[in-house]
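Analysis of the macromolecular model
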Amino acid sequence: MYPSRVRVEDWSEKQDVSDRLTPYNWLFIQHAVVTVNGKEVELTLPRMCMHCVNPPCVKLCPWGAAVQEENGLSRIDSDLCLGGSKCRKICPWHIPQRQTGTGLYLDILPSLAGNGVMYKCHRCYRLLEQGEVPACIEACPEQVQSIGPRDTMVRKAHEIADAIGGYIYGEHENGGTNTLYVSPIPFNILNGAIEKGEGRPHFALVKDRMADANSLAAAMLLAPVAGIAAAIGKAFRQIRG
Amino acid sequence: MNGIDPAMQSTKENIVPEQIQTRDAGYYVYGFILGMLVLTGFAQMPIFKRYYIADIPGLAWLGNFYATHWMHYLFAALLIGYTTFLATTHLLSKGKWRSIQAAAGSMHFWILSGLILTGGLLVVRNLPNMHFPATFIILIDLSHLTLVMVFLVHSGFRFFFRRR
């Protein structure tokens, strides 16, 4: 691929890697050991796509290769994705992972544009369409996950948090996410205790990344009014002058 | 005083240059807004970092997708406001109806209208809780991109051949 700085990310020989997100592993278990009131507490957290309420990966994909379903899940169409990894750069948690050497880019400009396909959790949308639950919920021996409409899940998260004196992550992060976490440990402490880096997302506070641009959308509605007012003002001044 | 009435001389010096200056300023403002829209629009594709353009001192912001996205919105608002201002000014001026008709009949007008329409749809799509069908999103994304390409070719043709 051209130029030489373009990173080849081939995970085809490392499909078994399970301690981070990869193009082949869309959920991994993150461990945190924290000391609270002199007592050591170990937590295990399933980490995957946060499925933002207003997902930047979907909204800012230049090709429309990512889509958000009405039920809130977001997914990347592997038949359309060119692997430019913009979605990973703009994702506050850098969730999508790239597999080089596959996808549509090979049929367009394989050397000059694109670099594979971006993959991330799509919440097993095919299973959801059939009225089933995602595979990770089915597979979890601890049954720690629940799935349902967001307002129901937010209510349930608050009930659990109230019962255990816990904390919620995802209710407001990046404007709200459809993946919610409830923890007995504050997330800023958890964030300091987990291993972070490529394929290992953080638990930091995230402001709504789409909010600044979306607030300018109102300016676009006001712009014609301002233009007309300015023209009328100019004409009025000319008449008076 | 070379035989010209001082009052007339004053009129020529003050009014004519001012008219030219106003037209030139408007031309450059319009060109700057369009130029920034094209630049920030292309910056939505992951190419400026890949091809070292964002490495040029002073152009690092071209590699920041959120910054260029925000700027694209800002210049889009300015374009809408400025074109509305120009169109209303022309409408309010006597004898400008023909130029409005000519502008509305020009290819530039229709390409720009298509860009504003598809861009407006993308802005609506980007608002929270807006769900457009996947094929429709691809259609407006590619239409917006294709119209920019047509706009650039048409503008280049007009620039080099002075066609209107």
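Because the structure is predicted, anything quoted here is derived from the model rather than measured.

Residues and elements named next belong to chain A. Under the definition given, this model contains 11 salt bridges over all chains. A salt bridge links Arg126 to Glu129, with the shortest nitrogen-to-oxygen separation between them at 3.7 Å. A residue pair is termed a helical-turn pair when its members lie 3 or 4 positions apart in one helix, as Arg126 and Glu129 do in helix H3 (residues 125-129) at 3 residues. Comparing Arg126 with Glu129 shows no difference in burial state: the two are exposed. Between Glu195 and Arg200 there is a salt bridge; the shortest N-O distance is 3.9 Å. By relative accessible area, Arg200 is classed as buried at 17%. Each member of the salt-bridge network shares a partner with another, and the members are Arg7, Glu9, Arg88, Arg98 and Glu198.

With that out of the way, let us pick up unusual backbone geometry. Cis geometry marks the peptide bond from Tyr2 of chain A to Pro3 of chain A, where omega comes out at -10°. In this structure, Pro3 of chain A sits in the segment before strand S1 (28-36). For His94 of chain A, which is not glycine, the phi dihedral falls at a positive 50°. Locating His94 of chain A in the fold gives a position in the loop between helix H2 (86-90) and strand S5 (97-99). Its relative accessible area of 40% is what places His94 of chain A among the partly exposed residues. In the Ramachandran plot, Asn129 of chain B falls in the positive-phi region, its phi being about 65° despite a non-glycine side chain. Within the element layout of this structure, Asn129 of chain B appears in the loop between helix H4 (107-125) and helix H5 (134-161). Under the relative-accessibility criterion, Asn129 of chain B is labelled exposed at 55%.

Attention now moves to the state of the cysteines. Residues and elements named next belong to chain A. Summed over all chains, the structure comprises 0 disulfides over all chains. As a non-bridged cysteine, Cys81 has Cys87 as the owner of its nearest cysteine sulfur, 5.9 Å distant. Among the residues examined, Cys81 registers a relative accessible area of 6% and is labelled buried.

Attention now goes to the environment of Pro128 of chain B. With respect to the helices and strands, the residue Pro128 of chain B is situated in the loop between H4 and H5. C-alpha separation for the pair Pro128 of chain B and Ile140 of chain B, spaced 12 residues apart in sequence, amounts to 18 Å. Beyond its immediate sequence surroundings of up to four residues, Pro128 of chain B is in contact with Asn54 and Asn214 of chain A.

Cut-offs applied
Residues numbered from 1 in each chain as written. Chains lettered and ligands numbered in written order. Predicted model: local features only at pLDDT ≥ 70, side-chain atom pairs only at ≥ 80, totals over all residues. Heavy atoms only, no water. Salt bridge = Lys/Arg side-chain N within 4 Å of Asp/Glu carboxyl O. Helix = DSSP H or I, 4+ residues; strand = E, 2+ residues; numbered from the N terminus. Buried < 20%, exposed > 50% of the residue type's maximum accessible area, 1.4 Å probe, protein only. Disulfide = S-S within 2.5 Å. Contact = heavy atoms within 4.5 Å.

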